[in-house]
Protein chains: 2
Amino acid sequence: MLIVQKFGGTSVGDTDRITNVAQKVAKEVHAGNQVMVVVSAMAGVTDRLVGYARTLSALDTPEAWADYDMVVASGEQITAGLLALKLRAMGIPARGWAGWQVPIISSEEHGKARINRIDKGAVSESLALGEVAVVAGFQGMTEKGRISTLGRGGSDTSAVALAAAFGAGRCDIYTDVDGVYTTDPRIVRNAKKLEKVAYEEMLEMASQGAKVLQTRSVEMAMNHNVVVQVLSSFADSPIGSIGGTLLVREEDIVEKERVTGIAYSRDEARITVSGVQDRPGVSAAIFVPLAKAGVNVDMIVQNVTPDGKDTDVTFTISRSDLDNAKKVIEHTASEGKIAYRALHTAADVAKVSVIGVGMRSHAGIAGEMFTTLAEKGINILLITTSEIKISVLIEEAYLELAIRALHTAYGLDAVVEKG
Amino acid sequence: MLIVQKFGGTSVGDTDRITNVAQKVAKEVHAGNQVMVVVSAMAGVTDRLVGYARTLSALDTPEAWADYDMVVASGEQITAGLLALKLRAMGIPARGWAGWQVPIISSEEHGKARINRIDKGAVSESLALGEVAVVAGFQGMTEKGRISTLGRGGSDTSAVALAAAFGAGRCDIYTDVDGVYTTDPRIVRNAKKLEKVAYEEMLEMASQGAKVLQTRSVEMAMNHNVVVQVLSSFADSPIGSIGGTLLVREEDIVEKERVTGIAYSRDEARITVSGVQDRPGVSAAIFVPLAKAGVNVDMIVQNVTPDGKDTDVTFTISRSDLDNAKKVIEHTASEGKIAYRALHTAADVAKVSVIGVGMRSHAGIAGEMFTTLAEKGINILLITTSEIKISVLIEEAYLELAIRALHTAYGLDAVVEKG
């Protein structure tokens, strides 16, 4: 079986850690597997290179981003060569591959390129010779022969794309956590590690702030049915057996819980534009200028006031965008494109989401959420729902309380053995 | 006119220095020239990468050296991208080129590859668009598509090879010295900067320890008639005019001095194998095993003793090879392949060479050298000569005295103006 293993920057942070990674690769090789390894830059290297680039250039043209990519991609190239060196020193045939050598052909959007295709020929030959292929993550080559990068966290995407292209049996993503938990263990001490998570759930969890995997890589895994395992590069989990969390298709989860996990985000701010004249196109008049200014809007609620003449529009954005968003709205009003009575903003809000594919078949989950929060005296400011997720905006001060209460209410607490 | 500019690691050691380099490039561009820049890795980067590689691997196979090259070549790739970023930020169209992108096609000897050919197409198109080509030095790509490096100092070779391939009008090598001097200015304070040096003289000076340019790059310049200028990246020399030292053909030096410069080397040790049985093949019996053991032998003198039965063989080697060389000779004797009376070694010796193409036409230069040293009471231990060089081995304690005396005797002292 072909296994793709991906190791992040912390896992390859120095030569000792690269040796540790080489031992994990060796275990898979000795278990009789073909192995492809995808590596990130050593921790700190990418930041240093980005720092140099930003000191020298405003990075305000596509041409600048092309040279930026040439600089930044070298971090992964270094790790790929080093890991191949260590493997061979351990008697395991291996060779390093830069993205352009595979080649991984990407789009032309330097700094945030997308993988268009992977030519398998050269690496397949190497694998057939029994060599471990150590591929530099995060990078590709454009059709014009220039080095591209896939954007931050792109090594996850590289790993899943390679696993899909080469038909790998499993794509193991080694990180500094040992799996995906029902919620953040720093907040709920008896959070449980999940054995399996559906791709869709993982997408919601990743975008909701459970930063284990890049959203793009999860989408790609889902689209190509790549079995992804998230596990720790520091724990010594047995090879072959499942030590971390498996990302699988919804159908492959037989016993569906009502709720799989609870995600949260503190990076929230709320804006209410109240007393807006209610006419067709008023939403567009508010949100199009925000989008143009690069402000991502998340939750949106619009209420018509009792007299039916005007409306309140409330929405959430990233906290760092708050000042900018406010200015954009005021500017739009000053140009006469919208009219409103008042603008209210709040930065002390947070979002809690309960997530689970089980919602499709279990009823009453939203009601249970609202009841649980009400029992703790937590006021709900906004609600949005999808098929597998319910999110509420609350005051940030209540965030931990809300997460703990929901974690217990949905039966997610691990049974802690008494010592 | 196309100008190739090469900047070493100290010249691009941080972002401020890269900015300084960009200004030197800008001057050539604004003077109406096409410019190709060859850069080394930022000072310290290559050493760090080599350190990682050596920690992880004994580098004892060709395959290991291939991955080593992938690691180490990234240093120059980073600088090339960064300088291109800075140039464009200054409004000068530019782009970075890794060796494989040009491509510079090399031999398969990873770690010390030789340039086989340079495909000019892509870079020519870029130059024709008015772009500065910023090429990563020290590297190429093998026919198999793997990254290769040219060995230490290889960026000089990259620059000269590119200048030859593209027919550059001049190849400016910017270093931390401002030219080639009649001798080491740290020893002779009124050493003169040479305006022109013949390639052959430069080769002798480089191999004799005046470490300004890689020997290989000088050979290549000579073979392709590339006009090379050595100048300082820190002094603000006027562009177009000649601020450093020009390397030219011997015929292009009209007024030939008797002696152009004085080189020296402290890295010398002497071995005398005395009372060797004199029979055909005895020299081979001594020197072949030394060569096999990787010991480079420099000067060799063989004297037959008065009775004609046996002989003394004296030769010099690098000081660091002394212990090894002694063991090899003793081992050869223990195997019965040579027989000798005694083995004498000395590590406190040094070599002084006077160099000049003028020797071809001026007589008496050797005699003048011996007289000058004799007048200072300096004993000559060994002598070797070539058409344009006379080298003597002396006790190291007399080295500075010898250099100063010869510098004066050959009229090389600069006229120091009285302040």
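All values reported here derive from a predicted model rather than from experimental measurement.

### Overview of the overall build of chain A
- Across its full length, chain A carries 12 helices and 18 strands.
- On C-alpha atoms alone, chain A measures out to a radius of gyration of 24 Å, which is about the 22 Å that the 2.2 N^0.38 rule sets for 419 residues.
- On the principal axes, the C-alpha backbone points of chain A span a range of 80 × 60 × 35 Å.
- Taking all 419 residues of chain A together, the buried fraction comes to 49%.
- In chain A, the proportion of contacts linking residues at least 24 apart, taken out of those at least 6 apart, comes to 73%.

### Examining the sheet that holds strand 17 (residues 382-386) of chain A
Residues and elements named next belong to chain A.
- Read across the open sheet, the 6 strands follow the order 14-15-13-16-18-17; overall the sheet is antiparallel. On the outer flanks of this sheet lie strand 14 (297-304) and strand 17, each paired with one strand and no other. For this sheet the average axis-to-axis angle between neighbouring strands, irrespective of direction, equals 25°.
- Where strand 13 (residues 261-277) meets strand 15 (residues 310-317), 7 bridges bridge the pair, whose relative direction is antiparallel. Looking at strand 15, one finds that I271 is bridged to F315.
- Across the sheet, helix 10 (residues 322-334) is in contact with strand 13, strand 15 and strand 16 (342-355); its angle to strand 16 comes to roughly 130°.

### A closer look at the pairing of strand 1 (residues 2-7) of chain B
Residues and elements named next belong to chain B.
- With 5 of 6 residues buried, strand 1 is to be regarded as a mostly interior element.
- Here strand 1 pairs with strand 2 (residues 34-39) via 6 bridges, running parallel. Following the sheet pairing, L2 is matched in strand 2 by Q34.
- The handedness of the strand 1 to strand 2 crossover, carried by helix 1 (residues 15-30), is right-handed.

### Observations concerning the pairing of strand 18 (residues 389-395) of chain A
Residues and elements named next belong to chain A.
- Counting buried residues in strand 18 gives 6 out of 7 residues, a clear majority hidden from the surface.
- Here 7 bridges tie strand 16 to strand 18, and the two strands are oriented antiparallel to one another. Bridged to I355 within strand 18 is K389.
- As paired strands, strand 17 and strand 18 are joined by 5 bridges and run antiparallel to one another.

### Looking at the interface of chain A and chain B
- Contacts between the two partners involve 32 residues from chain A, matched on the other side by 32 residues from chain B.
- Mapped by element, the contributors of at least two residues to the side of chain A that touches chain B are helix 1 (15-30), helix 2 (45-56), helix 3 (62-72), helix 4 (74-89) and strand 3 (94-97) of chain A.
- Sorting elements by how many residues they give to the side of chain A that touches chain B places helix 4 of chain A first, with 11 residues.
- Its residues assigned to classes, the side of chain A that touches chain B shows 17 nonpolar, 10 polar and 5 charged.

### Some thoughts on the nonpolar core
- By size, the foremost hydrophobic cluster in this structure holds 265 residues, and its most contacted members are A:L83, A:V134, A:V135, B:V37, B:L83, B:V134 and B:V135.
- Residues within four places of A:V134 in sequence aside, it is in contact with A:V37, A:V39, A:A80, A:L83, A:A84, A:A94, A:R95, A:G96 and A:W97.

### Details of unusual backbone geometry
All names here are of chain A.
- In this structure, P103 follows V102 across a cis peptide bond, with omega equal to -15°.
- By the element assignment, P103 lies in the loop between strand 3 and strand 4 (104-106).
- Phi at N225 is positive, roughly 50°, even though this residue is not glycine.
- Inspection of the secondary structure assignment puts N225 in the loop between helix 8 (215-224) and strand 11 (228-232).

### Quick notes on the domain arrangement of chain A
All names here are of chain A.
- Domain annotation of chain A identifies domain 1 (2-252) and domain 2 (262-409).
- Distance from the C-alpha centre of domain 1 to the C-alpha centre of domain 2: 34 Å.
- At the interface, 14 residues of domain 1 touch 14 residues of domain 2.
- Residue composition of the side of domain 1 that touches domain 2, grouped by class: 6 nonpolar, 4 polar and 4 charged.

### Let's talk about the environment of B:G32
All names here are of chain B.
- Structurally, the position occupied by G32 is in the loop between helix 1 and strand 2.
- Take G32: there are 8 C-beta atoms within 10 Å of it, and that puts it in the exposed class.
- Residues G32 and D176, spaced 144 residues apart in sequence, show a C-alpha to C-alpha distance of 26 Å.

### Some thoughts on the environment of B:D348
All names here are of chain B.
- Residue placement: D348 occurs in strand 16 (residues 342-355).
- Distance in space between the C-alpha atoms of D348 and R319 is 8.9 Å, their sequence separation being 29 residues.
- Each residue touching D348, except ones within four places of it in the same chain, is listed here: E395 and E396.

### Brief notes about helix 1 of chain B
All names here are of chain B.
- Spanning 16 residues, helix 1 covers 22 Å between terminal C-alpha atoms, matching the ideal 22 Å at 1.5 Å per step.
- Taken together, the buried positions of helix 1 are occupied by I18, V21, A22, K24, V25, E28 and V29. Projected down its long axis, helix 1 carries its buried residues within an arc of 160°, all on one side. Set apart from the buried face of helix 1 by more than 90 degrees, the exposed residues are D16, Q23 and H30.

### Some points on the relation of the copies chain A and chain B
- The operation relating chain A to chain B is a screw motion whose rotation component is 180°, with 0.0 Å of axial translation and a residual RMSD of 0.1 Å. Between the two chains, the operation in question is that of a two-fold axis. If distances are taken from each C-alpha of chain A to the rotation axis, the shortest is found for A:S74, at 2.8 Å.

### Re the packing of helix 1 of chain B against helix 4 (residues 74-89) of chain B
All names here are of chain B.
- At a minimum axis distance of 9 Å, the contact between helix 1 and helix 4 shows a crossing angle of 60°. Our classification of the angle between helix 1 and helix 4 gives oblique. Considering only the axes of helix 1 and helix 4, their crossing is right-handed. Contact residues: helix 1 offers I18, T19, V21, A22 and V25, while helix 4 offers L82, L83, K86 and L87.

### Let's talk about the sheet that holds strand 4 of chain A
All names here are of chain A.
- Strand order in this open sheet of 4 strands is 5-4-7-8, and the pairing throughout is mixed. What marks the edges here is a single partner per strand, and that holds for strand 5 (115-118) and strand 8 (147-149). For this sheet the average axis-to-axis angle between neighbouring strands, irrespective of direction, equals 45°.
- Of the strand pairs in this sheet, strand 4 and strand 7 (residues 139-142) are connected by 2 bridges, and their pairing is parallel. In the strand pairing of strand 7, S106 is matched with T142.
- Across the face of the sheet, helix 6 (residues 154-166) comes into contact with strand 4, strand 5 and strand 8 while running at roughly 40° to strand 5.

### Some thoughts on the packing of helix 2 of chain A against helix 4 of chain B
- Taken N-terminus to C-terminus, the directions of helix 2 of chain A and helix 4 of chain B make an angle of 25°; their axes are 8 Å apart at the nearest point. Classed by the angle they form, the pair helix 2 of chain A and helix 4 of chain B counts as roughly parallel. Seen from above, helix 2 of chain A lies across helix 4 of chain B with right-handed handedness. Counted together, A:L49, A:Y52, A:A53 and A:L56 of helix 2 of chain A and B:I78, B:L82, B:L85, B:K86 and B:A89 of helix 4 of chain B form the full contact between these two elements.
- Residues of the contact of helix 2 of chain A with helix 4 of chain B, tallied by class, amount to 8 nonpolar, no polar and 1 charged.

### Brief notes about helix 2 (residues 45-56) of chain B
- For helix 2 of chain B, with 12 residues, the first-to-last C-alpha span of 17 Å sits near the 16 Å given by 1.5 Å per residue.
- Every buried residue of helix 2 of chain B is accounted for by B:V45, B:T46, B:L49, B:Y52, B:A53 and B:L56. Around the axis of helix 2 of chain B, the buried residues are gathered within 125° of arc, so they sit on the same side. Opposite the packed face of helix 2 of chain B, turned more than 90 degrees from it, sit the exposed residues B:D47 and B:G51.
- Contacts from the buried residues of helix 2 of chain B go to helix 1 and helix 4 of chain A together with helix 3 (62-72) and helix 4 of chain B.

### Some points on the confidence of the model for chain A
- Taken as a whole, chain A shows an average pLDDT of 91; of its residues, 95% reach a score of 70 or greater.
- Two numbers describe this predicted complex: its pTM, 0.84, and its ipTM, 0.83.

### Some points on the environment of A:L49
- With respect to the helices, strands and loops of the structure, A:L49 is situated in helix 2.
- Along the backbone, A:L49 and A:V72 are 23 residues apart, and their C-alpha atoms lie at a distance of 5.8 Å.

What counts as what
- Residues numbered from 1 in each chain as written.
- Chains lettered and ligands numbered in written order.
- Predicted model: local features only at pLDDT ≥ 70, side-chain atom pairs only at ≥ 80, totals over all residues.
- Helix = DSSP H or I, 4+ residues; strand = E, 2+ residues; numbered from the N terminus.
- Rg over C-alpha atoms; globule rule 2.2 N^0.38 Å.
- Buried ≥ 20, exposed ≤ 12 C-beta atoms within 10 Å, placed from the backbone.
- Contact = placed C-beta atoms within 7 Å.
- Pairing = 2+ DSSP bridges.
- Axes fitted to C-alpha atoms, helices over the stretch in contact; angles between N-to-C directions.
- Right-handed = clockwise from strand over helix to strand, strands pointing away.
- Nonpolar A, V, L, I, M, F, W, Y, C, P; charged D, E, K, R; others polar.
- Core = buried A, V, L, I, M, F, W, Y, C linked by C-beta atoms within 7 Å.
- Domains from an automatic or database assignment.
- Expected span 1.5 Å × (residues − 1).
- Arc of directions from axis to C-beta.
- Least-squares fit on C-alpha atoms with pLDDT ≥ 70 in both.
- Parallel < 35°, antiparallel > 145°, perpendicular 65-115°, else oblique.
- Left-handed = near helix turned anticlockwise from the far one by under 90°.
- pLDDT = per-residue confidence, 0-100.

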